[in-house]
Structure formats: C-alpha cells, structure tokens
Amino acid sequence: MINNVPGKSRVAAELRNQISVVSKSKMPLLLIGDTGTGKERIAEAIHKESERKGPFVPVNCAGLSVTLMESTLFGHAKGAFTGADSKRDGVIKRAEGGTIFLDEITEMPLEIQSKLLRFLQDFSYWPLGYDGEPKKADVRILTATNMDIKMLVVEKQFRKDLYFRITGDIIRVPSLKERKEDIRIIAENIIKEINNSKETFKLELKEEDYAAIENYNWPGNIRQLYRFLERCRVYKAGSKMIKTLMKRESEENMQLESQRMDDDLVTLKDVEKYVIKKALTATSWNLTQTAARVGIVLNTLKNKIKEYRLSENDK
C-alpha cells in the first residue's frame with residue numbers, strides 16, 4: 001500500500017491507483033483539494049513511487065514577492081538585488097533529478113508564472129541577475145491549490161497557458177467527509193506518530209472516542225485532525241476530556257465560519273448553509289423545528305442537509 005494514502009474507502013483506493021499510474025511518467029501534475037487534505041504528502045508519495053533519484057523539494061508560493069519567488073525557484077547571481085551578497089542556487093538546481101512541489105501555485109505572481117511557463121517549455125532557465133548561457137535542469141514539477149483555478153483563469157488572475165502546461169493530469173485529493181471510513185485508520189497512524197515523541201503520556205483512544213471522531217465533519221481535514229489529537233495528548237485526555245475538546249473544536253469551527261461570513265464576499269449557498277447549520281444547532285437537530293425556523297418544508301431541509309453534508313456531530 002502507498003503509505004501516504006492510508007484507508008479502505010473507494011476514494012482512497014482510487015487515489016492510490018492514480019498515484020501508481022502517474023508516478024511512472026514525467027508529466028507535470030496539478031493536485032486540487034481542500035485545505036488540510038494532505039496534498040503535499042500525496043505529492044511526496046508520487047515522487048517516492050517514481051523512478052526519480054533526486055530529492056523531493058516542497059515550496060509554498062504564498063506570500064512571496066516577485067523577487068523572492070524568482071530567487072527561490074531559479075537562484076540568483078551575486079549582486080542581483082539588495083542583500084544578494086553571494087550567489088545562491090534555487091530549488092530547481094537543488095532538486096536536480098528529483099521533484100519540485102509548488103504548493104498554493106495560484107498565489108504565484110503573474111510575472112513569475114510567465115517565467116515558470118518558459119522553464120516548462122524546455123527546462124532551461126536563467127538565475128536572477130545572470131546573463132550567461134541558459135542552464136538546464138532535470139526536474140519534475142508538481143503543483144497544488146485549494147482554489148478554483150479554472151475561475152482564476154477566467155478572471156485572468158492565473159495564466160491560461162500555464163494552467164494547460166501544469167495539468168498533464170489533475171489529481172483531486174478527497175476531503176475527510178468523503179472518506180469517513182478511513183478516519184479511524186488515519187487517526188491511528190497519527191497517534192502512532194505523535195506517541196513516538198519523548199513525552200511520557202501515550203494517547204490511547206477507546207471505541208467511543210473513535211466513534212466520535214469518525215462522525216465529526218472535520219472542516220480542516222487531516223491537518224485539523226492531527227492538531228486535535230496532539231491537543232488530546234498534551235491534555236493527557238481520557239474519554240471525558242476528549243468529549244470536552246471535541247466540543248471546543250466545534251465551537252472554534254462555528255466562530256471561524258461566522259467570522260468568514262462577516263469578512264468575506266460569500267455566495268448565497270454559503271449563507272444558506274450557515275443559516276441551516278446554525279438553526280440545527282439551536283434546535284438540537286430537531287428537523288421539524290429547524291424547518292419552521294428557517295422557513296422551508298421538511299423534505300427540502302432534508303435535501304439541504306444531504307447537499308451540504310451536514311452532520312449532527314457538527315453542532
């Protein structure tokens with residue numbers, strides 16, 4: 001089994017199969033999926049399953065200026081910009097023979113997008129401030145985003161030609177909501193990992209604890225589950241404390257969602273989901289009362305609960 005994709009669900013099996021197929025090629029891949037679904041681990045699994053002997057080098061594209069992004073990728077010559085006191089190799093040079101993973105690719109400045117496109121045409125490049133003959137590199141490029149990249153292309157915030165260049169294939173990484181039957185296996189793996197620390201307390205979950213986390217819709221996905229289990233270990237949590245921490249997790253998620261509604265431009269579906277979710281919580285999931293409160297018929301409410309994948313364990 002590909003270790004980075006544990007689980008017995010159909011979507012986990014399909015993902016492992018896709019990794020097995022695409023890892024044998026050199027084509028660029030785009031990984032799409034919600035925040036926290038483990039896209040970097042999937043990218044690393046693809047690299048490990050491939051025949052590439054060089055390193056796996058991840059780069060987060062978010063928050064980097066044009067100059068810093070260009071230097072990070074291609075390197076720079078001495079004196080290329082203020083503070084460039086010496087020559088520096090970029091990740092393209094350091095990943096020779098291996099794989100570069102560009103996370104949050106949609107955050108890459110448009111100016112650098114054009115230079116990445118040029119590199120992907122024949123894998124030649126020029127470090128920042130270098131005016132000699134082009135350098136060559138043997139690297140594979142994997143990218144990832146949690147954004148609607150096609151919409152960004154339409155809005156001209158992401159280059160269409162680069163989009164087609166990086167999508168030799170597209171791998172969709174499923175959320176935990178889509179693979180609930182894998183949550184226990186993932187949690188067990190996380191617990192083994194965090195219990196390997198030097199802390200004397202070793203976290204152990206009972207059946208009722210596993211049932212609780214399996215039924216919870218983790219909006220932060222694997223990253224949130226990992227943080228929650230780490231918190232349980234820090235608090236030396238037994239089942240009673242785990243329930244308390246689960247309640248705190250739910251309250252934090254509601255606060256974050258409420259803040260997003262206040263701060264962001266949201267869709268009507270976002271508003272509808274939020275209102276229904278809040279009404280369900282207020283009525284302790286009494287569907288008849290909830291339908292009356294939000295002004296819809298019971299069958300419509302049931303359909304909306306299914307559409308938005310709401311669960312009583314979200315309250």
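Going by the structure above, here's the rest.
Below you will find a few notes about this structure. No experiment lies behind these values; they were computed from the predicted model shown.

1. Some details on the overall build of the chain
Step number 1: Each helix and strand counted, the chain has 14 helices and seven strands in total.
Step number 2: With the C-alpha coordinates of the chain rotated into their principal frame, the extents come out at 70 × 50 × 40 Å.
Step number 3: By residue count, 44% of the 315 residues in the chain fall in the buried class.
Step number 4: Taken as a whole, the chain presents about 17000 Å² of accessible surface, with 50% of it coming from carbon and sulfur.
Step number 5: Once the 54 positive and 46 negative side-chain charges of the chain are each reduced to a mean point, those two points are 2 Å apart.

2. Brief notes about helix α2 (residues 39–49)
Step number 1: Along α2, the positions that sit buried rather than exposed are K39, I42, A43, A45, I46 and H47.
Step number 2: Taken together, the buried residues of α2 touch α1 (10–22), β1 (29–32), β2 (56–60), β3 (99–103), β6 (140–145) and β7 (169–172).

3. Let's talk about the packing of helix α12 (residues 268–282) against helix α14 (residues 298–307)
Step number 1: Two numbers describe how α12 lies on α14: the axes approach to 11 Å, and their chain directions differ by 110°. In this view, α12 runs roughly perpendicular relative to α14, as classed from their interaxial angle. Judged by the twist between their axes, the crossing of α12 over α14 is left-handed. Contacts from K269, E272, I276 and L280 in α12 reach L301, K304, I305 and E307 in α14.
Step number 2: Across the contact of α12 with α14, the residue classes break down as four nonpolar, no polar and four charged.

4. Description of the layout of surface pockets
It is a probe the size of a water molecule, rolled over the atoms, that shows where empty space is left.
Step number 1: In this structure, the second largest pocket occupies an estimated 760 Å³ of space.
Step number 2: Lining the second largest pocket are 32 residues, with T37, G38, K39, R41 and I222 sitting closest to its centre.
Step number 3: Only α2, β6, α8 (183–194) and α10 (221–234) provide two or more residues apiece to the lining of the second largest pocket.
Step number 4: Looking at the lining of the second largest pocket element by element, the count peaks at eight residues for α2.
Step number 5: In terms of residue class, the lining of the second largest pocket is built from 12 nonpolar, nine polar and 11 charged.

5. Let's talk about the packing of aromatic side chains
Where two aromatic rings form a pair, the distance of their centres and the angle of their planes describe that pair.
Step number 1: Summed over all chains, the structure comprises eight aromatic pairs.
Step number 2: Each member of the aromatic cluster is reached from another via a ring pair, and the members are F74, F119, F123 and Y125.
Step number 3: Taking the ring centre of Y130 as reference, the NZ or CZ of K135 above it sits at 4.8 Å.
Step number 4: If you follow R184 out to its NZ or CZ, it ends over the ring of Y210, 4.0 Å from the centre.

6. Focus on the sheet that holds β1
Step number 1: Pairing in this open sheet of five strands is parallel, and the strands run β2-β3-β6-β1-β7 from one edge to the other. Looking at the sheet topology across the chains shown, the edges are occupied by β2 and β7. Geometrically, the sheet is characterised by an average inter-axis angle of 20° between neighbouring strands, direction not taken into account.
Step number 2: Looking at chain direction, β1 and β7 are connected through four bridges and run parallel. The residue of β7 that forms the bridge with L30 is I170.

Parameters at a glance
Residues numbered from 1 in each chain as written. Predicted model: local features only at pLDDT ≥ 70, side-chain atom pairs only at ≥ 80, totals over all residues. Heavy atoms only, no water. Helix = DSSP H or I, 4+ residues; strand = E, 2+ residues; numbered from the N terminus. Buried < 20%, exposed > 50% of the residue type's maximum accessible area, 1.4 Å probe, protein only. Areas by Shrake-Rupley, 256 points an atom, 1.4 Å probe, with all protein chains shown as cover. Lys, Arg positive; Asp, Glu negative; His and termini not counted. Charge placed at Lys NZ, Arg CZ, Asp CG, Glu CD. Contact = heavy atoms within 4.5 Å. Axes fitted to C-alpha atoms, helices over the stretch in contact; angles between N-to-C directions. Parallel < 35°, antiparallel > 145°, perpendicular 65-115°, else oblique. Left-handed = near helix turned anticlockwise from the far one by under 90°. Nonpolar A, V, L, I, M, F, W, Y, C, P; charged D, E, K, R; others polar. 1 Å grid on protein atoms, 1.4 Å probe; cavity = no way out; pocket = protein on both sides within 12 Å on 5 of 7 lines; lining within 4 Å. Points joined across faces, edges and corners; volume = space filled by probe spheres on them. Phe/Tyr/Trp six-rings, centres within 6.5 Å; stacked < 30°, edge-to-face > 60°. Lys NZ or Arg CZ within 6 Å of the ring centre and 35° of its normal. Pairing = 2+ DSSP bridges.

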